[in-house]
Amino acid sequence: MTLLPVDGFAAPAPGRDDGRAPRLRLVTGSPDAASPPLEHFDALLLAVARDEDRAAFAQLFDHFAPRLKGWLVRTGSTPELADDLVQDAFVLLWRKAAQFDPARARVSAWLFTIARNLRVDRHRGWSETWLSLDAGAADMVPDDAPGADARLAAARSGAGVRSALTQLSSDHRTLVQLAFYEDKSHSDIARETGLPLGTVKTRLRAAATRLRQLLEEYRS
Amino acid sequence: MAHAAGTLASGPRLLVATHLEGCAACRAALRGFEDVGAQLMLDEAGLAPAPDALAATLERLDAPLAPPVAPVVTRRPPLPGTLEWPRSLRHCRISRWRPLGPGMRWSRVGLPFDRSANVFLLRIAAGSCLPPHTHRGEELTQVLFGAFDDGRAVFGPGDFDATDSTIRHQPVVQASSECICLAAVDGRLVHESRLARWLGALIGI
């Protein structure tokens, strides 16, 4: 099967395709370790909500827009569609800023879910006005899960999520990557890997369960 | 995880969304996976947005919101007792209850944005059972009302089940109440008659 190399957008360079499982590029720290902590960006979005602060909004855009576009393109959007989605996502970020609660979600996760929902809706051919109403019905349900407010206590710096990912076995990391980076059905994966469909499903489920356990450990 | 990544097909996505409405534990798990997705996004080397992207975005901030165009579905078949339609179905067309066999009715759930998605409701009378069957593809089931026992487990309101061709089972609805389930099946059945035929084959009529 072909897997996207994780440390570049292009196809594997000659000589690099040695058949190893791909690795997620998140093991050794953020690519820009010098960037401010995520709390800084939470504060910016709070300023947007409180004062309609355009300078804060522009800072958020400058920091997150390239990463969001990079992620959208890597996961299958054309650069043109990615530019559209980035704009739409930031317009929604502005409009929904008042609903942002840093105790519940990081601005990065908030933006990620907005962009993901927009892309799903775009694939459905929904109109933009409709999107803004509907992005994520489940997201609108109040979250009363025990510990929900603490969900990011450990992940405040992103360290919890990062550590959870690095502790996954490489097989499981590959599957997590498949889930997030490859728009493939279980059947596609089964066909390309030659594994029985049941095995693919079982392994995906095991990977998701393990990841969930690790995430919970970092939250408790 | 696929829901967090946004890669589920419309039918399964609707089923998962319906389940998430009622399940705090799964919402928490979903948010964990969304954190993972966000982290993957943050770890991107990044691509420069179009040169005028920020200016264009700033310009749009003050644009008035267009009036909503989402269809509001008002006509819906009756539900028993105090059961309410899940929020996730609020834009879906839901047909009247149609007979399927003794003690069995079904209703087609139409997704406004994906007419080929196979989503339907099954309504089975208390104490009735489906004949033993397996599935051609993946089938997701969310129990909305009542409960059934298929030999593997008892599934009650809010419970979610995924079955495929590896599972052969015979759901038996518990005697205390009828059972209503929302289900999505793989495949691209476009025609109502084909869905009915498929259901007929499932029920054994």
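Scanning chain B from N- to C-terminus turns up five helices and 10 strands. Looking at chain B residue by residue over its 205 residues, the buried ones come to 38%.

As a further point, take the overall build of chain A. A tally of helices and strands in chain A yields nine helices and zero strands. Ordering the α and β elements of chain A from the N terminus gives α-α-α-α-α-α-α-α-α. Out of the 220 residues in chain A, the part that is buried amounts to 40%. Long-range contacts, defined here as pairs at least 24 residues apart, represent 63% of the contacts in chain A between residues at least 6 apart.

Turning our attention to the nonpolar core. Core analysis: the biggest nonpolar cluster contains 91 residues, and Leu-68, Ala-89, Leu-111 and Ala-115 of chain A together with Cys-181 of chain B have the highest contact counts within it. Both of domain 1 (38–139) and domain 2 (159–219) of chain A provide at least three residues apiece to this core. In this structure, Leu-111 of chain A is in contact with Phe-64, Leu-68, Ala-89 and Leu-93 of chain A, ignoring residues within four places of it in sequence.

Its 14 residues give helix H1 (residues 38–51) of chain A an end-to-end C-alpha distance of 20 Å, which sits within 8% of 20 Å, the value for a rise of 1.5 Å per residue. A positive backbone phi angle near 50 degrees is found at Glu-52 of chain A, which sits one or two residues after H1 of chain A.

On to the environment of Thr-75 of chain A. Residue position: Thr-75 of chain A is located in the loop between helix H2 (54–74) and helix H3 (79–95). C-alpha separation for the pair Thr-75 of chain A and Phe-180 of chain A, spaced 105 residues apart in sequence, amounts to 7.5 Å.

What follows deals with the pairing of strand S8 (residues 160–163) of chain B. Residue and element names in this part refer to chain B. Alternating residues of S8 divide into Asp-161 and Thr-163, all buried, and Phe-160 and Ala-162, none buried. Alignment of strand S5 (residues 139–145) against S8, held across four bridges, turns out to be antiparallel. By the bridge assignment, Thr-141 is partnered in S8 with Asp-161.

Another aspect to go through is unusual backbone geometry. Here the phi dihedral of Glu-52 of chain A falls at roughly 50 degrees; this positive angle occurs in a residue that is not glycine. For Glu-52 of chain A, a count of 13 C-beta atoms within 10 Å gives the class partly exposed.

On to the sheet that holds strand S7 (residues 154–155) of chain B. As summarised here, the arrangement of the three strands in space is S7-S6-S9 (chain B), forming an open sheet in which the pairing is antiparallel. Looking along the sheet, the strands with just one partner apiece sit at the ends: S7 and strand S9 (172–173) of chain B.

Residue and element names in this part refer to chain B. Here helix H2 (residues 10–22) is 13 residues long and its end C-alpha atoms lie 19 Å apart, about the 18 Å a rise of 1.5 Å per residue gives. With respect to burial, H2 is a largely interior element, 10 of its 13 residues being buried. Here H2 has its buried residues at Gly-11, Pro-12, Arg-13, Leu-14, Leu-15, Val-16, Ala-17, Thr-18, His-19 and Leu-20.

At a minimum axis separation of 9 Å, H3 of chain A and helix H4 (residues 53–60) of chain B run at an interaxial angle of 40 degrees. Between H3 of chain A and H4 of chain B, the angle falls in the class oblique. In this structure, H3 of chain A meets H4 of chain B at a crossing whose hand is right-handed. Counted together, Asp-83, Val-86, Gln-87, Phe-90 and Val-91 of chain A of H3 of chain A and Ala-53, Ala-56, Thr-57 and Arg-60 of chain B of H4 of chain B form the full contact between these two elements. Broken down by class, the residue content of the contact of H3 of chain A with H4 of chain B amounts to five nonpolar, two polar and two charged.

What follows is about the pairing of strand S3 (residues 104–111) of chain B. Within a regular strand, side chains alternate between the sheet's two faces. All names here are of chain B. Taken together, the two bridges between strand S1 (residues 93–94) and S3 define a ladder with antiparallel strand orientation. When the bridges of S3 are listed, Ile-94 appears paired with Val-109. One ladder, built from three bridges, connects strand S2 (residues 98–101) with S3; its direction is antiparallel. Within S3, the residue paired with Arg-98 across the bridge is Trp-106. The hairpin formed by S2 and S3 contains two residues between the paired strands, and Gly-103 there has a positive phi angle of roughly 75 degrees. The sheet contact formed by S3 and strand S4 (residues 114–124) spans seven bridges and is antiparallel. Bridge pairing links Val-109 to Val-119 in S4. From the end of S3 to the start of S4, which pair antiparallel, there are two residues.

This part covers the confidence of the model for chain B. Where the model shows low pLDDT, its predicted coordinates should not be examined in detail. All names here are of chain B. Across chain B, the average pLDDT comes to 81, with 85% of residues at 70 or higher. Ranking the helices and strands of chain B by mean pLDDT puts S7 first, with 94, and helix H5 (residues 192–203) last, with 62. This prediction of the complex comes with two scores: 0.75 for pTM and 0.77 for ipTM.

Moving on to the packing of H1 of chain A against H2 of chain A. Residues and elements named next belong to chain A. Here H1 crosses H2 at 140 degrees, and the two axes come no closer than 8 Å. Our classification of the angle between H1 and H2 gives oblique. The two elements H1 and H2 meet at a crossing, and its hand is left-handed. Contacts between H1 and H2 involve Phe-41, Leu-44, Leu-45, Ala-47 and Val-48 from the first element and Ala-56, Phe-57, Gln-59, Leu-60 and His-63 from the second.

Residue and element names in this part refer to chain A. On average, residues of chain A carry a pLDDT of 70, and 65% of them reach 70 or more. Here residues 1–32 scores under 50 on pLDDT; set against residues more than four positions off or in separate chains, the count is 36 contacts. Residue range residues 127–157 is modelled with pLDDT below 50. Its contacts to residues more than four positions away, or to other chains, number 63 contacts.

As a further point, take the environment of Ala-153 of chain B. Residue and element names in this part refer to chain B. Residue placement: Ala-153 occurs in the loop between strand S6 (148–149) and S7. Look at Ala-153 and you get exposed, because 11 C-beta atoms sit within 10 Å. Placed 18 residues apart in sequence, Ala-153 and Pro-171 show a C-alpha to C-alpha distance of 9.6 Å.

Thresholds, definitions, all that
Residues numbered from 1 in each chain as written. Chains lettered and ligands numbered in written order. Predicted model: local features only at pLDDT ≥ 70, side-chain atom pairs only at ≥ 80, totals over all residues. Helix = DSSP H or I, 4+ residues; strand = E, 2+ residues; numbered from the N terminus. Buried ≥ 20, exposed ≤ 12 C-beta atoms within 10 Å, placed from the backbone. Contact = placed C-beta atoms within 7 Å. Core = buried A, V, L, I, M, F, W, Y, C linked by C-beta atoms within 7 Å. Domains from an automatic or database assignment. Expected span 1.5 Å × (residues − 1). Pairing = 2+ DSSP bridges. Axes fitted to C-alpha atoms, helices over the stretch in contact; angles between N-to-C directions. Parallel < 35°, antiparallel > 145°, perpendicular 65-115°, else oblique. Left-handed = near helix turned anticlockwise from the far one by under 90°. Nonpolar A, V, L, I, M, F, W, Y, C, P; charged D, E, K, R; others polar. pLDDT = per-residue confidence, 0-100.

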